[in-house]
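Letter by letter, the chains look like this.
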Amino acid sequence: MNKIDLIVTNLKKTFNRRLVFDGLNFEIKSGEKLIITGKNGSGKSTLMKILAGVLTESAGFFQYILNDKKVDRENIYQIVGLVSPYLVLYDEFTAFENLKLFARIRNIKMSDEEINQILKKVGLFDRRNDLVRTYSSGMKQRIKYASAILHNPLVLLLDEPTSNLDLDGKNFVDELVEDFRSDGIVLVATNESQDFKYGQNIINLDNFHNIQVK
Ligand SMILES: Nc1ncnc2c1ncn2[C@@H]1O[C@H](COP(=O)(O)OP(=O)(O)OP(=O)(O)O)[C@@H](O)[C@H]1O
Ligand SMILES: [Mg+2]
């Protein structure tokens, strides 16, 4: 069992003069699940990208602590799995090839058999050799899940987790969140009240953008 903590302190994000959020504070640790909500444009996706290490905060800070050791910025990608509408898939590659590539980018060795297991898990095994270009949006969403869990991350960041998914897909997400490693943490950014069941606590970003940028 690992121990993971995420500490967010006075986190602030602006784009030029536009304040997205400020004064964001929370802490979440192994076994906990948190919902991030807020109206369109309140910064849910921005926060998820910052916590995945793909976007930089403007002030304040956040820190992952793995077994009492700080995780360096450049290693965040090893412990985090992100599912987001902004993730780009390679349209001219098959699902199998996309996953192979994501594994290589993350520097993890995966056998074809292991990749096939993940494809089975997300229900895409039968379509593994089709070009992603020919996929439906729900199928693309499923590859994003496959890519997010490929490296067995401790932190799952889900932005709009159930968008485009049919009932089967939603059940899949239910199971994934429910069965997620007990030493891990899950953050879910959503406006769908049906997704609120994924977390114990909820933060509304509407409460964090009332401070004016000077
Ligand atoms: N790259 C960018 N450059 C400038 N402004 C941006 C950029 N990305 C996001 N923003 C702005 O930041 C704010 C927050 O956007 P974000 O996408 O995080 O909101 P959201 O809560 O995810 O919204 P939604 O519910 O529509 O998904 C918006 O005002 C948006 O216009
Ligand atoms: Mg968003």
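Details of the structure are given in the entry above.
All of the points below concern the structure found in this document. (Residues numbered from 1 in each chain as written. Chains lettered and ligands numbered in written order. Predicted model: local features only at pLDDT ≥ 70, side-chain atom pairs only at ≥ 80, totals over all residues. Heavy atoms only, no water.)

**Quick notes on the nonpolar core**
Note the following rule: The set of buried Ala, Val, Leu, Ile, Met, Phe, Trp, Tyr and Cys residues whose side-chain atoms join them within 4.5 Å is what this entry labels a nonpolar core. When accessible area is computed with a 1.4 Å probe and restricted to protein chains, residues below 20% of their type maximum are described as buried, those above 50% as exposed, and intermediate ones as partly exposed. Only DSSP runs of H or I reaching four residues or more are called helices, and only runs of E reaching two or more are called strands; each is numbered from the N terminus.
Core analysis: the largest hydrophobic core is formed by 34 residues, its most contacted members being Leu99, Ile143, Tyr145 and Leu158. Residue assignment for this core shows that the elements contributing at least two residues are α3 (95–105), α4 (112–121), α5 (137–149), β7 (155–159), α6 (167–178) and β8 (185–189). No other element matches the six residues that α5 contributes to this core. Counting 32 residues, the second-largest nonpolar core is a separate cluster that includes Val8, Met48, Val71 and Leu205.

**Examining the pairing of strand β4 (residues 59–66)**
The following threshold applies: Paired strands, as defined in this entry, are two strands with at least two bridges between them according to DSSP.
Judged from the seven bridges that link them, strand β1 (residues 4–15) and β4 form a sheet pairing that is antiparallel. Bridge pairing links Lys12 to Ala59 in β4. The sheet contact formed by β4 and strand β5 (residues 69–70) spans two bridges and is antiparallel. Bridge pairing links Ile65 to Lys70 in β5. Linkage of β4 to β5, two consecutive antiparallel strands, is achieved through a turn of two residues, within which Asn67 is found at a positive phi near 45 degrees.

**Topic: a nonpolar patch on the surface**
Worth spelling out the cut-off: For patches, a residue must show more than 30% relative accessible area and have no salt bridge; joins then use 9 Å for like charges and 5 Å for nonpolar side chains, namely Val, Leu, Ile, Met, Phe, Trp and Tyr. Per-residue and other accessible areas were derived by the Shrake-Rupley procedure at a 1.4 Å probe size, with only the shown protein chains allowed to occlude residues. Salt bridges are defined by distance alone: a side-chain nitrogen of Lys or Arg within 4 Å of a carboxyl oxygen of Asp or Glu.
On the surface, Tyr90, Phe93 and Ile105 cluster together into a nonpolar patch covering about 280 Å² of accessible area. Position of Phe93 relative to the elements: it lies in the loop between β6 (80–83) and α3.

**Section: the site of ligand 1**
This is how the line gets drawn: Nearness of a residue to a molecule or strand requires only that one of the residue's heavy atoms be within 4 Å of it. Two N or O atoms form a polar contact when they lie within 3.5 Å of each other; inside protein one atom must be a possible hydrogen donor and the other a possible acceptor, and for residues adjacent in sequence the pair counts only when both atoms belong to side chains. Here the nonpolar group is Ala, Val, Leu, Ile, Met, Phe, Trp, Tyr, Cys and Pro; Asp, Glu, Lys and Arg are the charged ones; every other residue, Gly included, is treated as polar.
Taken together, 14 residues lie near ligand 1, and Asn40, Gly41, Lys44, Ser45 and Thr46 sit nearest. Interatomic distance of 3.0 Å between a backbone N/O atom of Gly43 and an oxygen atom of ligand 1. When ligand 1 is considered free in solution it has 640 Å² of accessible area, and contact with the protein chains removes 63% of it. Only β2 (18–29) and α1 (44–51) provide two or more residues apiece to the shell around ligand 1. In terms of residue count, the dominant contributor to the shell around ligand 1 is α1 (three residues). Among the residues making up the shell around ligand 1, the classes are represented as three nonpolar, seven polar and four charged.

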